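Results of the structural survey
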Protein chains: 4
Amino acid sequence: MSVMRLGYVHTRVTDLAESLKHYHETLGMQVVAEEPGKVFLKAWDEYDHHSVVLEEGGVGLVKLGYKVERSADLEDYEKRAQQFGVLTERMSKGDNLAVGDGVRLVLPSDHVVELYADVEQTGTATGVLNPEAWPRDLVGVGVPRIDHTLITAEDPVAVERFFSEVLDFRASERVVTEPGEDGDLLGSWMFCSNTPHDIAFIKGPNGKLHHFAYQLADWSEILRAGDLFAMDDVSVDVGPTRHGITRGTTIYFFDPSGNRNEVFAGGYMTFPDFPTITWTADELAKGIFYIGRELNERFTSVLT
Amino acid sequence: MSVMRLGYVHTRVTDLAESLKHYHETLGMQVVAEEPGKVFLKAWDEYDHHSVVLEEGGVGLVKLGYKVERSADLEDYEKRAQQFGVLTERMSKGDNLAVGDGVRLVLPSDHVVELYADVEQTGTATGVLNPEAWPRDLVGVGVPRIDHTLITAEDPVAVERFFSEVLDFRASERVVTEPGEDGDLLGSWMFCSNTPHDIAFIKGPNGKLHHFAYQLADWSEILRAGDLFAMDDVSVDVGPTRHGITRGTTIYFFDPSGNRNEVFAGGYMTFPDFPTITWTADELAKGIFYIGRELNERFTSVLT
Amino acid sequence: MSVMRLGYVHTRVTDLAESLKHYHETLGMQVVAEEPGKVFLKAWDEYDHHSVVLEEGGVGLVKLGYKVERSADLEDYEKRAQQFGVLTERMSKGDNLAVGDGVRLVLPSDHVVELYADVEQTGTATGVLNPEAWPRDLVGVGVPRIDHTLITAEDPVAVERFFSEVLDFRASERVVTEPGEDGDLLGSWMFCSNTPHDIAFIKGPNGKLHHFAYQLADWSEILRAGDLFAMDDVSVDVGPTRHGITRGTTIYFFDPSGNRNEVFAGGYMTFPDFPTITWTADELAKGIFYIGRELNERFTSVLT
Amino acid sequence: MSVMRLGYVHTRVTDLAESLKHYHETLGMQVVAEEPGKVFLKAWDEYDHHSVVLEEGGVGLVKLGYKVERSADLEDYEKRAQQFGVLTERMSKGDNLAVGDGVRLVLPSDHVVELYADVEQTGTATGVLNPEAWPRDLVGVGVPRIDHTLITAEDPVAVERFFSEVLDFRASERVVTEPGEDGDLLGSWMFCSNTPHDIAFIKGPNGKLHHFAYQLADWSEILRAGDLFAMDDVSVDVGPTRHGITRGTTIYFFDPSGNRNEVFAGGYMTFPDFPTITWTADELAKGIFYIGRELNERFTSVLT
């Protein structure tokens, strides 16, 4: 595997100023650069230049960036994507601020994913010499890093196959209508790192974002985030609770434009030999929200 | 103040065996005695004989026991109750297993409350000589103690006045339709100890139980309880979340008969000079569920 | 019982400015008033005027203030103290900034304790109308309130008897050389509220302070405090760990003058009928530091 | 990178029965097989056959097993090890119970490391179909998995170079006598997964074990482990505390034979492009024990 992680989420927002209150004041990301109609932010424990790009106008994903370990592999990924039969194009250094050359892929679900190996490294807030455990001057939730995205796809089987065959991701968990050959795939959680998921997709319209997530340290940070959402009047969708799928703990909430975010903590470790877990549709509510075992209408229908 | 704490909750259940799976196997209370159609249980950190009585047949409260510090005060409480204008009667040693003489009061809301000073002390599970921090052989959630009850009353003002004037309780928090003289009381949280509430009442039908609660050590125990509710297929109402009122963290859930229970952790300390907090009706949802700021229909309507 | 709680700790410090960095910037107390050579501070969840007084010059306790519920009881406490045989004197409104009339007692251990019922109430940081769960602008650890003190006494039996007979405190836990009549008392933890201790004393020189403590919400706040002690270069004595005695979790640390502080979370609830726990000297290390079961020289010898 | 993780720790113990009380009853590992003088155990969230082998007679490491993703890479690792100049030998299926063919390497520090790609997968305790979040019947601490080892080496530079050049590990953190070219390496923490360390070495005698570690979910599990160590009279070395290096939270303790174990939770995520952190010797105590910033003699000198 050469894909290392979700590097950036580039998303549309209806109002930049309002969004900054959310992403900076409540979540605690730092603004690292601005372009007309765009703001670039990073979280405190990320060493790359930025991890979130907000672009004014509309809602939903513009694209996702996944960072690969070796630039030498980009061409190979491009070939495999072409063989798979999706659109690809080269991206050049500077197409994305601070990001080097890369390859742009259109998923079978119409989402755009950019692969790149080079991005300016500006360092974490605690540095690399005798660092403190965390920055003394955190703002709001003080999210340390982005973690994963969940997108929707009309044909989740195709997207899963794409991530598996082209990008060497593996499935940690799958939801099927019934176990065995006859079951239809309703969702798949896939990893390229040792986390339970670096991307996930569930059945739904192409091109849509269900949510993107920030990683928090633990369950007590989840509560603290929830408290801040109350204080800052952030719209909360579900949580705090635990997921059955991934075992992580979570709160889902919305940015002011209606894009769903998540704070996520915990979850098991995956490895390339991880035995994929299967959830059956009758246990789906427990898989999604382990404690309450109920799905609300909003969670399953609101997408951007 | 001589009333020390909620000593016991005596509640009806439709099926004793099924209830024991809940109160013993899931919650971890120990069965300490049985009578025909009745089971007596205690939690591990309680030193009195029992704290929960399950009585087969129906649902809802039979009565609540509040333990007072000095038996000499029982007569005084009786007089004050009579002056207040509610029904009272003497109860004798043996009326309740292991409980001494006392006074039985009928609240303006028709709930029965027993006051008593003597009950057999059988000790906690960790004992009084070089005790461990908790018992090595806890079952399930392993609740350490009961904490409070929430009941409904057609006239919450009368019940609040009763607890204030007769039993020396004080209000920690009150929900009113609007602040000031013109507001109507929708709920009151009252304390006799240093906790945010030893009893609470909200507007509703007389004689009904909204829930009774167990105290857990902290937010991480709340999650562990929620996990066990999932494993044991306990019906969860709301949570985990935080309350605005009391600041405590919580999960509401149902016993197999439909009586609502709560696990509760945290909350501030109260003292006799505590300045009562006021919540206005427009902020009620935040007061009840601080993080999600939504009330579900079930939470506000299901009573036993 | 009419004594409600530890109301203030008045302590000497060698340097006020340096102390403020500790008590304000690291611990997060707010400066509420200043007098020449004195600073008054409060913690965010306290509603009285102040809870810590720092007085420049030397180290150690000037005096402790315990707040009583009813001013009518002050005279009674004074009489009982005189009958016990200790020095008492009246204190007048204004002797202590914002504090009303009261009684000053000299313990058998030479510590000075002031009892008072009236003090200006300036409110908590979150207020009494639809309050948030905690203040959005906490500084450093953000301690919510003071909790207890531990002092040393040549004759702990006399001090325990004083707090029991004069002030109606009860012992939650006692350390003795051996159980039974022949054992000598090495330490006693006593309560007037529902906490495990509102004051404690161990055998040692008269008039000395071992530590005074702040209450934190839970074990995760203990870690966060420890992190901040590292960042702010606060000298840590012991912890994080759990106590056997009280079951609380803890870090001991020093202010810049060498006065020992504690952050403390958890612990069981006490009530007037609480069965006193006995620790024997051979298990003392486990009683003090449950996890490591070792006492360091510094912890047992450094007093101010 | 093809090395995935620490697969097993094979260690000597003086007494098997006593060791089982520790590794099974206190830590909660399950015995999965026995051979004369040997016991094989696994933790509940591991899917391979076993992760700890206890061999009666003496103390200290017999060997470590690191599992690689592709058996095709074993030969390559063997060649690179030979080129590096260390002893290697082939190991055959059955040399280690349930483990397939592999390569045995002797580190420059004389420790034996086995690489293998095949081992019988017996599954986790929660399974792969609609799994619960954790097993309902955990024993003691209930460790989910092993995490890393710390070994000592006379020449840490050589061992670091070996893990870098032969096994494709990377350094997350390094402790040096002074920053820059002139500094001597005192310790190195290296990763092949996304954790802060899969192995670490500090300057010391060759062939010795400092500790091996179990991963726990979070800081609250660290406390729970510490409580159980007190109840089961496990000898605790240091903790609970936080590490500066790795940011993880920790308790060090000893098995009955004197081998040091650790429970470890948290820590940041590493990736192949992780910028190595440097600690200077003057900040070493803070790097090791962030909160107390003191090293005890036992921690730095006791090895097995």
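Residues numbered from 1 in each chain as written. Chains lettered and ligands numbered in written order. Predicted model: local features only at pLDDT ≥ 70, side-chain atom pairs only at ≥ 80, totals over all residues. Heavy atoms only, no water.

Along the backbone of chain A there are six helices and 17 strands. The C-alpha radius of gyration computed for chain A amounts to 18 Å, which stays within 12% of the reference 19 Å derived for 304 residues, consistent with globular compactness. With the principal axes as the frame, chain A shows a C-alpha extent of 55 × 45 × 40 Å. Looking at the 304 residues of chain A, the share that counts as buried comes to 62%. Long-range contacts, defined as pairs at least 24 residues apart, comprise 66% of the intrachain contacts of chain A with a sequence gap of at least 6. (Helix = DSSP H or I, 4+ residues; strand = E, 2+ residues; numbered from the N terminus. Rg over C-alpha atoms; globule rule 2.2 N^0.38 Å. Buried < 20%, exposed > 50% of the residue type's maximum accessible area, 1.4 Å probe, protein only. Contact = heavy atoms within 4.5 Å.)

Our focus in this paragraph is the packing of aromatic side chains. Taken as a whole, this structure holds 62 aromatic pairs over all chains when the rule is applied. With a centroid separation of 6.3 Å and 5 degrees between ring planes, the pair formed by C:Tyr23 and C:Phe212 is classed as stacked. In this pair, C:Tyr23 sits in helix 1 (residues 16-26) while C:Phe212 sits in strand 13 (residues 208-215), placing the two residues 189 residues apart along the sequence. Residue classification places C:Tyr23 among the buried positions, given a relative accessible area of 0%. Here C:Tyr268 and C:Phe274 contribute two aromatic rings whose centre-to-centre distance is 5.1 Å and whose plane-to-plane angle is 15 degrees, an arrangement assigned as stacked. For the pair C:Tyr268 and C:Phe274, a shared accessibility class is recorded, and that class is buried. Between C:Arg5 and the ring centre of B:Phe271, over which it is positioned, the NZ or CZ distance is 4.6 Å. (Phe/Tyr/Trp six-rings, centres within 6.5 Å; stacked < 30°, edge-to-face > 60°. Lys NZ or Arg CZ within 6 Å of the ring centre and 35° of its normal.)

Applying the stated criterion to the full structure yields 104 salt bridges over all chains. Notably, a salt bridge pairs A:Arg70 with A:Glu69, separated by 3.3 Å at the nearest N-O pair. The partner of D:Asp233 in a salt bridge is C:Arg293, and the shortest N-O contact between them spans 3.3 Å. Linking D:Asp233 in the loop between helix 4 (219-231) and strand 14 (236-242) with C:Arg293 in the loop between helix 5 (284-288) and helix 6 (297-301), this pair reaches from one chain into another. Exposure remark for D:Asp233: the relative accessible area of 62% places this residue in the exposed category. Because the salt bridges share partners, they merge into one network encompassing A:Lys63, A:Glu89, A:Asp95, A:Arg104 and A:Glu114. (Salt bridge = Lys/Arg side-chain N within 4 Å of Asp/Glu carboxyl O.)

The next subject is the interface of chain C and chain B. Tallying the contact residues gives 42 residues for chain C and 42 residues for chain B. Between chain C and chain B, a total of about 3600 Å² is buried, with carbon and sulfur atoms accounting for 52% of that surface. On inspection of chain C and its partner chain B, the count reaches 10 salt bridges. With a closest N to O distance of 2.6 Å, C:Arg247 and B:Asp45 form a salt bridge. (Buried area = accessible area lost by both parts, 1.4 Å probe.)

Turning our attention to the interface of chain A and chain D. Each partner contributes to the interface: chain A provides 42 residues, whereas chain D provides 42 residues. Approximately 3600 Å² of surface area, both sides summed, lies buried where chain A meets chain D, with 53% of it carried by carbon and sulfur atoms. If you sort the residues of chain A by the area they bury against chain D, A:Asn130, A:Arg247 and A:Asp273 come out on top, with a joint share of 16%. With a shortest N-O distance of 2.8 Å, D:Asp273 and A:Arg5 are connected by a salt bridge. Run the count over chain A and chain D and you get 27 residue pairs in polar contact (both at pLDDT 80 or more). Elements with a minimum of two residues in the side of chain A that touches chain D: strand 1 (3-13) and strand 17 (277-280) of chain A. Broken down by element, the side of chain A that touches chain D gets its largest block of residues, four residues, from strand 17 of chain A. For the side of chain A that touches chain D, the per-class residue count stands at 17 nonpolar, 11 polar and 14 charged. (Polar contact = N/O pair within 3.5 Å; in protein donor to acceptor, adjacent residues only side chain to side chain. Nonpolar A, V, L, I, M, F, W, Y, C, P; charged D, E, K, R; others polar.)

Before going further, it helps to spend a moment on the domain arrangement of chain A. Residue and element names in this part refer to chain A. Domain boundaries assigned for chain A yield domain 1 (3-116) and domain 2 (145-301). One C-alpha centre belongs to domain 1, the other to domain 2, and the line joining them spans 20 Å. For the pair domain 1 and domain 2, the two sides together bury roughly 3200 Å², of which 67% comes from carbon and sulfur. Where domain 1 packs against domain 2, one counts one salt bridge. Counting the contacts that link domain 1 with domain 2 gives 14 residue pairs in polar contact (both at pLDDT 80 or more). Of all the elements in the fold, those that place two or more residues in the side of domain 1 that touches domain 2 are strand 1, helix 1 (16-26), strand 5 (60-68) and helix 2 (74-84). Ranked by residues supplied to the side of domain 1 that touches domain 2, first place goes to strand 1 with 10 residues. In terms of residue class, the side of domain 1 that touches domain 2 is made up of 23 nonpolar, 10 polar and eight charged. (Domains from an automatic or database assignment.)

Moving on, we get to a negative patch on the surface. Residue and element names in this part refer to chain A. Negative charge collects at one region of the surface, where Glu 178, Glu 181, Asp 182 and Asp 184 lie side by side. Within the fold, Glu 178 resides in the loop between strand 10 (170-176) and strand 11 (185-191). When its relative accessible area of 41% is taken as the criterion, Glu 178 is described as partly exposed. (Patch = residues over 30% accessible without salt bridge, like charges linked within 9 Å, V, L, I, M, F, W, Y side chains within 5 Å. Areas by Shrake-Rupley, 256 points an atom, 1.4 Å probe, with all protein chains shown as cover. Lys, Arg positive; Asp, Glu negative; His and termini not counted. Charge placed at Lys NZ, Arg CZ, Asp CG, Glu CD.)

Moving on: the relation of the copies chain A and chain D. Rotating chain A by 180 degrees and translating it 0.0 Å along the rotation axis places it on chain D, where the RMSD comes to 0.0 Å. The operation mapping one copy onto its partner corresponds to a two-fold rotation axis. With an isologous cut-off of 70% or more, the 100% of interface residues of chain A that recur at the interface of chain D puts this contact in the isologous class. (Least-squares fit on C-alpha atoms with pLDDT ≥ 70 in both.)

Moving on, we get to the relation of the copies chain C and chain B. Superposing chain C onto chain B takes a rotation of 180 degrees plus a shift of 0.0 Å along the axis, which leaves an RMSD of 0.0 Å. Comparing interface residues between copies, 100% of those in chain C also sit at the interface in chain B, which points to an isologous, same-surface contact.

Residue and element names in this part refer to chain A. Taken together, eight strands build an open sheet; the order of strands is 2-3-4-1-5-8-7-6 and the sheet is mixed. Each edge of the open sheet carries a strand with a single partner, namely strand 2 (30-35) and strand 6 (88-91). Taking the axes of each pair of neighbouring strands and ignoring which way they run, one obtains an average angle of 25 degrees across the sheet. Here strand 5 pairs with strand 8 (residues 112-116) via four bridges, running parallel. The partner of Lys 67 across the bridge, within strand 8, is Tyr 116. This element, helix 2, spans strand 1, strand 5, strand 6, strand 7 (102-106) and strand 8 of the sheet and lies at about 160 degrees to strand 6. (Pairing = 2+ DSSP bridges. Axes fitted to C-alpha atoms, helices over the stretch in contact; angles between N-to-C directions.)

This part takes up the environment of C:Leu64. Residues and elements named next belong to chain C. Locating Leu 64 in the fold gives a position in strand 5 (residues 60-68). Classification of Leu 64 as buried rests on a relative accessible area of 0%. Residues in contact with Leu 64, not counting those within four places in the same chain, are Leu 6, Tyr 8, Val 9, Val 112, Val 113, Glu 114, Thr 149 and Ile 199.

This part takes up the sheet that holds strand 9 (residues 145-153) of chain A. Residues and elements named next belong to chain A. Judged by pairing direction, the sheet is mixed, and its nine strands sit side by side in the order 14-15-16-13-9-12-11-10-17 without closing on themselves. Bordering the open sheet on either side are strand 14 (236-242) and strand 17, each of which pairs with just one other strand. Geometrically, the sheet is characterised by an average inter-axis angle of 15 degrees between neighbouring strands, direction not taken into account. For strand 11 and strand 12 (residues 199-203), the ladder comprises four bridges, and the chain directions are antiparallel. In the sheet register, Gly 187 faces strand 12, and the bridge partner there is Ile 202. Strand contacts of helix 4 (residues 219-231): strand 14, strand 15 (249-254) and strand 16 (260-265), with the helix running at about 20 degrees to strand 15, the strand carrying the most contacts.

Below, the discussion takes up the side chain of B:Glu173. Residue and element names in this part refer to chain B. Structurally, Glu 173 can be placed in strand 10 (residues 170-176). Among buried charged residues, Glu 173 stands out as having no salt bridge; its nearest opposite-charge side chain is Arg 247, 6.8 Å away. Within the structure, the side chain of Glu 173 is placed 2.9 Å from the backbone nitrogen of Thr 246, a separation counted as a polar contact. Separated by 2.4 Å, the side chains of Glu 173 and Tyr 268 make a polar contact.

Once that is clear, we can look at the pairing of strand 7 of chain A. All names here are of chain A. Counting buried residues in strand 7 gives four out of five residues, a clear majority hidden from the surface. Two strands pair when backbone bridges link them, and strand 6 and strand 7 are joined in this way by four bridges, in the antiparallel orientation. Across the sheet, residue Thr 88 finds its bridge partner in strand 7, namely Leu 105. Here strand 7 pairs with strand 8 via five bridges, running antiparallel.

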